[in-house]
Amino acid sequence: MDDLMNLEVHYTWLAIGLVLAIAEMAIPGVFLIWMAGAALITGLVAWIVPIGLPLQIVIFALLSIIAVFTGKRVLRDHPVVAADPKMNQRGERVVGETVVVTQAIEGGSGRVRLGDSEWLAKGADAIVGTRLKVVGHDGVVLVVEPIG
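Predicted model, so just to flag it, every value in this text is computed and none were measured.

*Asks:* Tell me about the overall build of the protein chain, residues and numbers included.
*Replies:* The secondary structure content of the protein chain amounts to 5 helices and 5 strands. Helices and strands in the protein chain line up, N terminus first, as α-α-α-α-α-β-β-β-β-β. Its C-alpha radius of gyration of 28 Å places the protein chain more than 25% over the 15 Å reference for a compact globule of 148 residues. C-alpha atoms of the protein chain, sized along the principal axes, occupy 80 × 40 × 20 Å. The 148 residues of the protein chain split such that 26% are buried. In the protein chain, of all internal contacts separated by at least 6 residues, the share reaching a separation of at least 24 is 38%. For the protein chain, the accessible surface area stands at approximately 10100 Å², while carbon and sulfur atoms represent 66% of it.

Here you go:
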């Protein structure tokens, strides 16, 4: 325990920065990373320049405020765009695809083949082998309509 109390303060700032960076990865929100950067810079400044703890806290506070507001402005001006916004929305990904009826759609429901899998489908009545277009989904049920 005495070793922790004798730890140089710049190591504490570096540790705080790493903990905040790890917390940002665990709880993403693009907020803690800026404070982590401020803590790391404060630790580096405290390591290079012999300054007291009160001034280090002021430096950390100022850097945190500047970093958070600058980061907020940068993200507002340059939003992060997903490479594939429908990645985890399988139903949305298949809208516009052509399917083949495998179990006749009677009374508004049946089964269709899409790629190598079969899906429940609802739409206008259709016989087995009919090609239809996916126009939407209702949960895991594809909404289909005749092509054309």
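*Asks:* Explain the UniProt feature "domain: NfeD-like C-terminal" (unreviewed entry) in the protein chain to me, and be specific about the residues and the numbers.
*Replies:* Feature annotation in UniProt places "domain: NfeD-like C-terminal" (unreviewed entry) on residues 92–146, given in this structure's numbering. Helix makes up 4% of residues 92–146 and strand 65%, and the two end C-alpha atoms of the span are 18 Å apart.

*Asks:* Lay out the confidence of the model for the protein chain in plain terms, naming residues and giving numbers.
*Replies:* Here the protein chain averages 87 in pLDDT, while 91% of its residues score no lower than 70. When mean pLDDT is compared element by element in the protein chain, strand β2 (residues 109–114) scores highest at 94, while helix α1 (residues 2–5) scores lowest at 53.

*Asks:* Account for the UniProt feature "transmembrane region" (unreviewed entry) in the protein chain, with residues named and values stated.
*Replies:* This chain's UniProt record puts "transmembrane region" (unreviewed entry) on residues 12–41 and 47–69. Across residues 12–41, helical content stands at 83% and strand content at 0%; the span's end C-alpha atoms are separated by 12 Å. A helix fraction of 83% and a strand fraction of 0% characterise residues 47–69, whose end C-alpha atoms lie 26 Å from each other.

*Asks:* Provide a residue-level description of the pairing of β2, including the pertinent values.
*Replies:* Side-chain alternation along β2 places Gly110, Val112 and Leu114 on a buried face and Ser109, Arg111 and Arg113 on a face that remains uncovered. The sheet contact formed by strand β1 (residues 98–106) and β2 spans 4 bridges and is antiparallel. Bridge pairing links Glu106 to Ser109 in β2. Connecting β1 to the next strand, β2, in antiparallel fashion are 2 residues, including Gly107 with a positive phi near 65°. The turn linking β2 back onto strand β3 (residues 117–123) is made up of 2 residues, and Gly115 within it adopts a positive phi angle of 65°.

*Asks:* Now, about the environment of Val94: what can you tell me, with residues and values included?
*Replies:* Assignment of secondary structure puts Val94 in the loop between α5 (90–93) and β1. Distance from Val94 to Val134, taken between C-alpha atoms, is 6.8 Å for residues 40 residues apart in sequence. Beyond its immediate chain neighbours, meaning those up to four positions away, Val94 contacts Leu114, Val134 and Leu142.

*Asks:* Describe the environment of Glu118, with residues and values.
*Replies:* Positionally, Glu118 belongs in strand β3. Taking the relative accessible area as the measure of exposure, Glu118 reaches 33% and is therefore partly exposed. Sequence separation between Glu118 and Thr102 is 16 residues; the distance between their C-alpha atoms is 7.9 Å. When residues no more than four places from it in sequence are discounted, the contact partners of Glu118 are Thr102, Arg111, Val112 and Arg113. Reaching out from Glu118, the side chain makes a polar contact with the side chain of Thr102 at a distance of 3.4 Å. In terms of polar contacts, Glu118 uses its side chain to reach the side chain of Arg111, at 3.1 Å.

About the criteria used
- Every chain's residues receive numbers from 1 upward, in the order its sequence appears when written.
- Residue-level local features of this predicted model are given only where pLDDT is at least 70; pairs of side-chain atoms are given and counted only at 80 or more, and the full residue set underlies all totals for whole chains, interfaces and linings.
- Each side-chain value is worked out from all heavy atoms of the structure, with water and hydrogens disregarded.
- For helices the rule is a DSSP run of H or I covering at least 4 residues; for strands it is a run of E covering at least 2, with both sets numbered from the N terminus onward.
- All radius of gyration figures rest on C-alpha atoms, and the globule criterion is 2.2 Å times the number of residues raised to 0.38.
- Remark: exposure states derive from per-residue accessible area (1.4 Å probe, protein chains only) relative to the maximum for the residue type, with buried under 20%, exposed over 50%, and partly exposed in between.
- What makes two residues a contact is simply this: any of their non-hydrogen atoms within 4.5 Å.
- Residue exposure ignores everything except the shown protein chains as possible cover, and the areas themselves are Shrake-Rupley values with a 1.4 Å probe.
- UniProt positions are given in the numbering used here, feature names are shortened, and annotations may be inferred rather than shown by experiment.
- Within a predicted model, pLDDT stands for the predictor's per-residue confidence, ranging from 0 to 100.
- Criterion used throughout: strands pair if DSSP finds at least two bridges between them.
- Each polar contact in these results corresponds to two N or O atoms within 3.5 Å; when the atoms are within protein, one needs to be able to donate a hydrogen and the other to accept it, and residues that are neighboring in sequence are counted only if both atoms are side-chain atoms.

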